[in-house]
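The residues making up each chain are set out below.
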Amino acid sequence: MRTPAAAVALAAALFGAGAAAAQDPATDGQFRVPLQSIITGLAEGTCDPAHLAPDFVPLCEEQLWEVGQALQMFGAITEMRLVDHEGEGDARREIYEVDFSSGRTVKAGIGGRVDGKFTSLSFDG
């Protein structure tokens, strides 16, 4: 089963890289902590401008209800695994498998930073 198109379409411009305490980039990726924070925020109904590129906030808010509802139905994040990455520096993109308490697993992609904010987020699954 796929996430609704509008939720998957959240592959536009996103997020600010947060500090990653006790995070091993080789196994956890560089963007694990901010991605987890972003997913949790979306499920709680927020498009946090600390994580979102300024041009993305209005788009996020337009899709927030649908995306947030889907993420709420999935439940809490139980595990995240880095499965792929490409590029370096601000062009880096990471793909994670995110497991939720409902048993649902979703692939989430995050990357492409401008001014310390992410410009790309996607969900598949």
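Look up: the structure comes first, before these words.
So, a few notes on the structure that sits alongside this text. Because the structure is a prediction, the values reported are computed rather than measured.

## Examining the sheet that holds strand β4 (residues 117-124)
With respect to topology, four strands assemble into an open sheet ordered β1-β2-β3-β4, the strand pairing being antiparallel. Two strands bound the open sheet, and with one partner strand each, they are β1 (77-86) and β4. Strand-to-strand twist in this sheet, taken as the mean axis angle between neighbours without regard to direction, amounts to 25°.

## Some remarks on the state of the cysteines
What the rule picks out here adds up to one disulfide. Through a disulfide, Cys-47 is tied to Cys-60; the S-S separation comes to 2.0 Å. With the S-S dihedral at roughly -85°, the linkage between Cys-47 and Cys-60 falls on the left-handed side. Here Cys-47 is found in the loop between α3 (32-43) and α4 (57-74), whereas its partner Cys-60 is found in helix α4, with 13 residues between them in sequence. Residue Cys-47 is classed as buried on the basis of its relative accessible area of 10%.

## A closer look at α4
Maximum bend of α4: about 60°, positioned at Leu-64. Among all positions in α4, only Val-57, Cys-60, Gln-63, Leu-64, Val-67, Gly-68, Ala-70, Leu-71 and Phe-74 are buried. One or two residues past the end of α4 sits Gly-75, with phi positive at roughly 90°.

## What to know about unusual backbone geometry
One non-glycine residue, Asp-115, lies in positive phi territory at about 55°. Inspection of the secondary structure assignment puts Asp-115 in the loop between β3 (105-114) and β4. Judged by its relative accessible area of 75%, Asp-115 falls in the exposed class.

## Let's talk about the environment of Leu-64
Structurally, Leu-64 can be placed in helix α4. Residue classification places Leu-64 among the buried positions, given a relative accessible area of 14%. If sequence neighbours within four positions are ignored, Leu-64 has contacts with Leu-42, Gly-45, Thr-46, Cys-47 and Gln-69.

## Concerning the environment of Val-106
Structurally, the position occupied by Val-106 is in strand β3. With relative accessibility at 2%, the residue Val-106 sits in the buried group. Once the C-alpha coordinates of Val-106 and Asp-124 are considered, the two residues, 18 residues apart in sequence, prove to be 5.8 Å apart.

Rules and cut-offs
Each chain has its residues counted from 1, running along the sequence as written. Two thresholds apply to this predicted model, a pLDDT of at least 70 for residue-level local features and 80 or more for giving and counting side-chain atom pairs, whereas whole-chain, interface and lining totals are computed over all residues. The side-chain figures draw on all heavy atoms in the structure; neither hydrogens nor water molecules are used. One bridge is not enough; two strands pair if DSSP finds at least two bridges between them. Secondary structure is summarised from DSSP: a helix means a run of H or I of at least four residues, a strand means a run of E of at least two, and numbering begins at the N terminus for each. Helix axes are fitted to C-alpha atoms over the stretch in contact, other axes to C-alpha atoms as well, and angles between N-to-C directions run from 0 to 180 degrees. Put simply, a disulfide is two cysteine sulfurs that come within 2.5 Å. Here's how the labels work: a residue is buried when its accessible area is under 20% of the maximum for its type, exposed when over 50%, partly exposed in between, all with a 1.4 Å probe on protein chains only. Bend is the name given here to the angle between axes fitted to two runs of seven residues, the run ending at a residue and the run starting at it. We call two residues in contact when some of their heavy atoms are within 4.5 Å.

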